[in-house]
Structures are given as structure tokens and as C-alpha cells.
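Overview (structure and organization)
In case you want the letters, here they are:
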Amino acid sequence: MTSKKTKAFADVTLGEKLPEKQIPITVTLVAGGAIATRDYVPVHHDVEAARAQGAPNVFMNILTTSALVQGFIEQWSGPQARFSDLKIKLGAPNFPGDSMTFSGEVSERDEAAKRVVVSLKGSNSMGNHVTGTVTVALP
């Protein structure tokens, strides 16, 4: 659940760790995320199509991953934080039956702009699914 209170820039410290967040990876999450983002590539909703491509199951698309990253950051920052940059890189796929754990920390603070950069990763049993940075402006 996203906090209803937005963090104030003055209350955020360099090196501050965000609370970890665990996301169970389910077929519903993978297929629903693909459909919601209009990504109808069969490997995201059809097990046989995914297996034909060498995967053991359907796997998450990058748009769903991006949404989960945004949710992780917003849960920490609050609803009035403004996203100004999101840079992510995919690694190990997210397959149903696994879970992804997000972690992150404040890696930069810009006093003049009241912006922070959060470095993050989302890991599953095979390694890092997503790594990257998110820049948010705080009141």
C-alpha cells in the first residue's frame, strides 16, 4: 500500500535504505500485465509459445516491470512525489512460481532541485530481474 503521506525532501538522507518489498510472481500478474499494456506477444500469456522459445513458462514483460518499479518507489516516497527519470535494465526473467524482492537506497540528493535518485534492484531466485535508478522530486 502506498503511504498517504509524501516524504519531505528535508527528511531524506543520502544512503537511506528503502523498505524491501516482495512481489509474488503469478500467471495472473504476468499475463494481466501484458494484456494491460497491450503487449500481446504470446510468450507473456501462452505457456506453449513460451516453451517453444526455450522458456519454461510465460515471463513478465518490461512494461509490467516498469509499473512494479514505480509502485515500489511510490510506496516509499508517497503520492505527491514527481517522477522525473526512470532508467532500468532487465536481467533474469520473472517466471510464475517465483517472487521478486525489491530493495533500494538513496544514492544522490540534489538540494537545489529537491530531487533524489534511488538506486534499486528487483531480485528473484535466478538473480537480478531489474536494476536501475529512479529520480523523484519531493516537496
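Just above, that's the structure.
A brief look at the structure comes next. (Residues numbered from 1 in each chain as written. Predicted model: local features only at pLDDT ≥ 70, side-chain atom pairs only at ≥ 80, totals over all residues. Heavy atoms only, no water.)

**With respect to the sheet that holds strand β4 (residues 115-124)**
- As summarised here, the arrangement of the 5 strands in space is β1-β3-β4-β5-β2, forming an open sheet in which the pairing is antiparallel. The sheet is open, and its two edges are formed by β1 (21-24) and β2 (82-90), each paired on a single side. On average, each strand axis in the sheet is inclined to that of its neighbour by 20°, with strand direction left out of account.
- Of the strand pairs in this sheet, strand β3 (residues 99-110) and β4 are connected by 9 bridges, and their pairing is antiparallel. (Pairing = 2+ DSSP bridges. Helix = DSSP H or I, 4+ residues; strand = E, 2+ residues; numbered from the N terminus. Axes fitted to C-alpha atoms, helices over the stretch in contact; angles between N-to-C directions.)

**Some thoughts on the pattern of salt bridges**
- According to the stated counting rule, one finds 6 salt bridges in the structure shown.
- Salt-bridge contacts for K7 lead to E16; the nearest nitrogen and oxygen are separated by 3.4 Å.
- Given the relative accessible area of 22%, K7 is considered partly exposed.
- Given the relative accessible area of 16%, E16 is considered buried.
- With a closest N to O distance of 3.7 Å, R115 and D110 form a salt bridge.
- Look at R115 and you get partly exposed, because its relative accessible area is 34%.
- Since its relative accessible area comes to 30%, D110 is described here as partly exposed. (Salt bridge = Lys/Arg side-chain N within 4 Å of Asp/Glu carboxyl O. Buried < 20%, exposed > 50% of the residue type's maximum accessible area, 1.4 Å probe, protein only.)

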